[in-house]
Amino acid sequence: MTLFRTNSRIVAEVVVSGGLSAALTMGYIIYVGRVLGPVEYADFAAALSVIYFVGVAMSPFTPAVARLCARYTARNDFLAVGVLRRRFIRGITIVGIAVTGAGIALSTPLADLLNFRSSLPLSVAFCVVLLYAVVSVDRGVIHGLLLFRVHNVNIVAEALVRCVCAGALLVVWRSAGAAMVSYLSALLLAELLLGIRLRKEWASDGAISVDWMEVRRVTLPILLLMIGVAAFQNSDMIVVKRFFPAVDSGAYGAATAMARAIGILFVPLYVIVSPILSGLHESGQPVFAATMRLTAIFLALAILPLVLFAGWSSRIVALLYGAGFTAAGPLLLPLAGVAVIMYTGLMLSQALVTVSDHVFLIAYSSLAIVQIVALLAFHESFHDVLRALYVVQSTLLVIVAGFFFRAWAARRQTAA
């Protein structure tokens, strides 16, 4: 029986907690929209995209650390996990402080360039990015050690605090800045809980050392992959914020947020895929069939929201956001389709990263640049933006799938 089959309960628990966390986060995003209205919400949505853009680009630390910790655990080298965690957090904090400082210094000119009403949301967003990177490391450790219940409690607590803070702050301070402060507060709590849980696991570095060549081999491919994902996922919102009127930007932001509800289904599966595939690979078991099973689960789960968006998108928007966001209705299904395409390719890519077949990253990085250029060139209407997203990301999925099945066939031939 494979590792994948023996962890069905873990999969179910992660999916449920991930769904609850994502639902709370969606509630927070929708509540902010209802309170602020489309014009101010455009600032909030664009600030979120900045967080996701920079944060996702830095998020390789979670799957990379998870893969490394899973390898160390498979080798019974538990002390190396503590060394890795401390060194990663130390380095990321130094780099993160520099990035955050530069971001805050540039917040005012960036706010002017992107038509923000205030620079505060951007300044807070860059503070969030620093915390996001640190939390990403600790969550990677938790995933790699297969402490998924700790992960489950942590993400639900973060989402709950975000909602509570937003509810309290927006009563007295109705602004995108207040909504972003809520995001920052929730991440502070999440890291505090993780730090308390992990700090007592390892007393000191001792004489334990880590193979940093192995760390680089694992981290760099995932870094390139996630920089591409950050561009695919967030460049459209930033371009829309720059070139479209505020009301239209707010509507696009609302549609983007609701389309990312597909992530409620994807993220829990993505959380478990790195350590599971690494464990399979380290023990000599095949990874491609397990990846296909996880991809099939995601696609099956995605059918329901796509059907809902196809039949009732305008009603859903009106119910959740209110009459001021009616322009988001026609955008909801197309953007959800883009999300399914992107997440499917990202899931398949995990098997390629696991077996160190990294050639596909050339296409990933190149097409991320192509999407940005296409959006900058073609943005006269929402139709132009959507066409650019579909052409580029469908092409990418075909390429990634081609590499995936080629690598699978090659390893089956070798095994035979």
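Residues numbered from 1 in each chain as written. Predicted model: local features only at pLDDT ≥ 70, side-chain atom pairs only at ≥ 80, totals over all residues. Heavy atoms only, no water.

1. Here we look at the nonpolar core
Counting residues in hydrophobic clusters, the biggest one holds 129 residues, and the most contacted among them are Ile-29, Tyr-41, Phe-44, Tyr-252, Tyr-321, Phe-360 and Tyr-364. Looking at which element gives the most residues to this core, the answer is helix H2 (residues 8-58), with 17 residues. Residues within four places of Phe-360 in sequence aside, it is in contact with Leu-225, Ser-349, Leu-352, Val-353, Val-400 and Phe-403. (Core = buried A, V, L, I, M, F, W, Y, C linked by side-chain atoms within 4.5 Å. Buried < 20%, exposed > 50% of the residue type's maximum accessible area, 1.4 Å probe, protein only. Helix = DSSP H or I, 4+ residues; strand = E, 2+ residues; numbered from the N terminus. Contact = heavy atoms within 4.5 Å.)

2. Some words on the packing of aromatic side chains
Inspection of the entire model under this criterion finds 18 aromatic pairs. Where Tyr-321 meets Phe-325, the ring centres are 4.9 Å apart and the plane angle is 50°; that geometry is what we call tilted. When its relative accessible area of 3% is taken as the criterion, Tyr-321 is described as buried. Judged by centre distance (5.2 Å) and plane angle (90°), the ring pair of Phe-404 and Phe-405 falls under edge-to-face. For Phe-404, a relative accessible area of 0% translates into the label buried. Put simply, the rings of Tyr-28, Tyr-41, Phe-44, Tyr-183, Tyr-321 and Phe-325 pair up and form one aromatic cluster. (Phe/Tyr/Trp six-rings, centres within 6.5 Å; stacked < 30°, edge-to-face > 60°.)

3. Regarding the layout of surface pockets
The space that makes up the second largest pocket amounts to roughly 320 Å³. Taken together, 15 residues line the second largest pocket, and the ones lying closest to its centre are Val-50, Phe-53, Leu-114, Ser-235 and Ile-238. Among the elements that make up the lining of the second largest pocket, the one with the highest residue count is helix H8 (residues 212-243) (five residues). When its residues are assigned to classes, the lining of the second largest pocket shows 13 nonpolar, one polar and one charged. (1 Å grid on protein atoms, 1.4 Å probe; cavity = no way out; pocket = protein on both sides within 12 Å on 5 of 7 lines; lining within 4 Å. Points joined across faces, edges and corners; volume = space filled by probe spheres on them. Nonpolar A, V, L, I, M, F, W, Y, C, P; charged D, E, K, R; others polar.)

4. What about the environment of Ile-372?
Its location among the elements puts Ile-372 in helix H13 (residues 360-377). Ile-372 sits in the partly exposed class, given a relative accessible area of 30%. With 137 residues separating them along the chain, Ile-372 and Ser-235 place their C-alpha atoms 6.4 Å apart. Apart from the residues within four sequence positions on either side, Ile-372 is in contact with Ala-231 and Ser-235.

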